[in-house]
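This is what each chain is made of:
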Number of protein chains: 2
Amino acid sequence: MASTLTLTAEHKCFGGAQRHYTHRSTVLNCDMRFAVYLPPAALEGTPVPVLYWLSGLTCTDENFTQKAGAQRVAAELGLAVVAPDTSPRGDAVPDDDNYDLGKGAGFYINATKAPWNEHYRMYDYVLDELPALVTDNLPVTGNCAIAGHSMGGHGALVLALRNPERFRSVSAFSPICHPARCPWGEKAFTAYLGDNPQLWESYDAVLLMKATDAKIPALIDQGTDDDFLDNQLHTDSLSEAVEATGFPADIRYQEGYDHSYFFIATFIEDHLRFHHRHLVSDSALGG
Amino acid sequence: MASTLTLTAEHKCFGGAQRHYTHRSTVLNCDMRFAVYLPPAALEGTPVPVLYWLSGLTCTDENFTQKAGAQRVAAELGLAVVAPDTSPRGDAVPDDDNYDLGKGAGFYINATKAPWNEHYRMYDYVLDELPALVTDNLPVTGNCAIAGHSMGGHGALVLALRNPERFRSVSAFSPICHPARCPWGEKAFTAYLGDNPQLWESYDAVLLMKATDAKIPALIDQGTDDDFLDNQLHTDSLSEAVEATGFPADIRYQEGYDHSYFFIATFIEDHLRFHHRHLVSDSALGG
């Protein structure tokens, strides 16, 4: 049963409401916070579809909310945007001294190894517990899409590829496409999952795409001046998987853009309009 | 003579460049940083007009740059936007334990009292030294406008009222309209200026407006749910001054909005288009 939400802040923004909530997470075994933008239509009583946004390493629920400038177009289109935190939080939650493991680095997976497995279950949290809370407590429809940045782009692609019936569309900025084969992913997967190739594959977008017949409309933006492109993101491997499988993904290389929120702000409107088209259509691509 | 600029960061954003510079400030007697957004037109060789943005208490050059979402419309209109820091900085600069005095709280005035007067000369910095640096080093025209938020709204109004020949237009979000008569202003003016009524008047928008014949187009947005409205901002006093003097100011009360950047993001497009109209016209209102 979903727990209750506590509203901690609300700001009027483009006629809608930028809200911050806290709640007890059963899945993560700690208190959590998330941000949600409700467009004017939702406040006026019309349930709206939801875009879930997954943030990158070191982020909280606030980065996207403050820096992406998404509220303007979300207000116009009538889209709710939910931004969860990037890991479990609190003094009881194990952590690591580095930015790429532990708090702020949940990688949207269910950890199986101690000491992480008591709290780090962000896959289940984002797929099940958070949407149940949102649906039970806020004026939204059942139609969902998912997007994210970097580690969150990885999370969005993995969640969509494994649950195509749940998301009408997926998009990502600068996603970690192939975490089973990059330093960030190898470190996190080793800590959280141990030496288990099947589990690693289940959280790797490139490997999942090659293994599934599921199709879901996808939009990916990648800056050509991104410092992490060559070593961490492996967009080329995702392009190969898209080509090999006929997956309906549009991968766009954006000349001169980097890994920052200035890049996201520039193209977030395209992503919101992309998701909106699929969220309001009568059926999903494969339906 | 203007010192040189050191580029510390650059991010492509809406086809233009969000840059951060550091430089030695002679006026402030310390190293300073500022942010500037250059629209695509400027990068392609066409000098563009400049909007100076002054931020509020506790802010740096980053808040507006990251949170206001101004780059989209600045890119479209061909406007450069310069955001200075809100006070002198560095270990040698005196400070106070509270957020509303010392670092982050320069109030855009020239301090006359020790220990503040060796560094806290933000009025001269924003009026003279910074524009000289910008004009000497970046592809901009001589046409300027000025805007700001809260303490920065006070700064923008004061600078424009005292220098109508320098700015084509002025705008503010939630400005401290009457600092000589509110707790924030009384505290800062007492510390920085001492007991000197003439100096206080020279930095108070309400008093300046009543004392000048100068006219400059002004746009002011004030949220009705702003926690500081009753005690600190005194927008009603500015409205009375506008009415008494026929000053060409449009003061808009925005229902339900607060003091945050979510409010600024909602209406920044209006402000940029307002300034652009005056920046590209053949003459200033009184010309």
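Residues numbered from 1 in each chain as written. Chains lettered and ligands numbered in written order. Predicted model: local features only at pLDDT ≥ 70, side-chain atom pairs only at ≥ 80, totals over all residues. Heavy atoms only, no water.

### Quick look at the interface of chain A and chain B
With 21 residues of chain A in contact, the opposing surface of chain B contributes 21 residues. Carbon and sulfur atoms make up 57% of the surface buried where chain A meets chain B, a total of about 1,800 Å² over both sides. Looking at the side of chain A facing chain B, the largest losses of area belong to Lys-12, Gln-66 and Phe-262 of chain A, adding up to 37% of the total buried there. Summed over the shared surface of chain A and chain B, the number is 0 salt bridges. Our enumeration of links across chain A and chain B arrives at 8 residue pairs in polar contact (both at pLDDT 80 or more). Among the elements of the structure, strand 1 (6-13), helix 2 (62-67), helix 3 (71-77) and helix 11 (261-280) of chain A are those that each provide at least two residues to the side of chain A that touches chain B. Residue classes in the side of chain A that touches chain B are distributed as 6 nonpolar, 9 polar and 6 charged. (Contact = heavy atoms within 4.5 Å. Buried area = accessible area lost by both parts, 1.4 Å probe. Salt bridge = Lys/Arg side-chain N within 4 Å of Asp/Glu carboxyl O. Polar contact = N/O pair within 3.5 Å; in protein donor to acceptor, adjacent residues only side chain to side chain. Helix = DSSP H or I, 4+ residues; strand = E, 2+ residues; numbered from the N terminus. Nonpolar A, V, L, I, M, F, W, Y, C, P; charged D, E, K, R; others polar.)

### Some points on the relation of the copies chain A and chain B
By a simple turn and slide, chain A fits onto chain B: the slide is 0.0 Å along the axis, the RMSD is 0.0 Å, and the turn is 180 degrees. Seen this way, the second copy is the image of the first under a two-fold rotation axis. When you check the interface residues of chain A against chain B, 100% turn up at the interface there too, and the contact is symmetric in its surfaces. (Least-squares fit on C-alpha atoms with pLDDT ≥ 70 in both.)

### Describing the nonpolar core
Nonpolar side chains in soluble globular proteins tend to be buried together. Residues and elements named next belong to chain B. In terms of nonpolar packing, the biggest core is built from 74 residues, with Phe-107, Val-134, Ile-146, Tyr-192 and Leu-238 touching the most fellow members. It is helix 4 (residues 122-137) that provides the largest number of residues to this core, a total of 8 residues. Among all residues touching Tyr-192, those that are not within four sequence positions of it are Leu-101, Gly-102, Ala-105, Gly-106, Phe-107, Ile-109, Ala-111, Thr-112, Lys-113, Trp-116 and Tyr-120. (Core = buried A, V, L, I, M, F, W, Y, C linked by side-chain atoms within 4.5 Å. Buried < 20%, exposed > 50% of the residue type's maximum accessible area, 1.4 Å probe, protein only.)

### Side note on the packing of aromatic side chains
Residues and elements named next belong to chain A. Under the criterion given, the structure shown has 30 aromatic pairs over all chains. A centroid spacing of 4.1 Å and a plane angle of 20 degrees characterise the contact between Trp-53 and Phe-64, whose relative ring orientation is stacked. Residue Trp-53 is found in strand 4 (residues 48-54), and its partner Phe-64 is found in helix 2; the two are separated by 11 residues along the sequence. There is no split in this pair, since Trp-53 and Phe-64 are both buried. Ring plane angle 55 degrees and centroid distance 6.0 Å describe the contact between Trp-53 and Phe-173, whose orientation is recorded as tilted. With Trp-53 in strand 4 and Phe-173 in strand 7 (residues 170-173), this pair connects stretches of sequence that are 120 residues apart. For the residue pair Trp-53 and Phe-173, the accessibility class agrees, reading buried in each case. Through a chain of ring-to-ring contacts, three or more aromatic side chains come together here, namely Trp-53, Phe-64, Phe-173, Tyr-257, Phe-263 and Phe-267. Between Arg-162 and the ring centre of Tyr-203, over which it is positioned, the NZ or CZ distance is 5.0 Å. Note that Arg-166 overlies the ring of Phe-167, its terminal NZ or CZ placed 5.8 Å from the centroid. (Phe/Tyr/Trp six-rings, centres within 6.5 Å; stacked < 30°, edge-to-face > 60°. Lys NZ or Arg CZ within 6 Å of the ring centre and 35° of its normal.)

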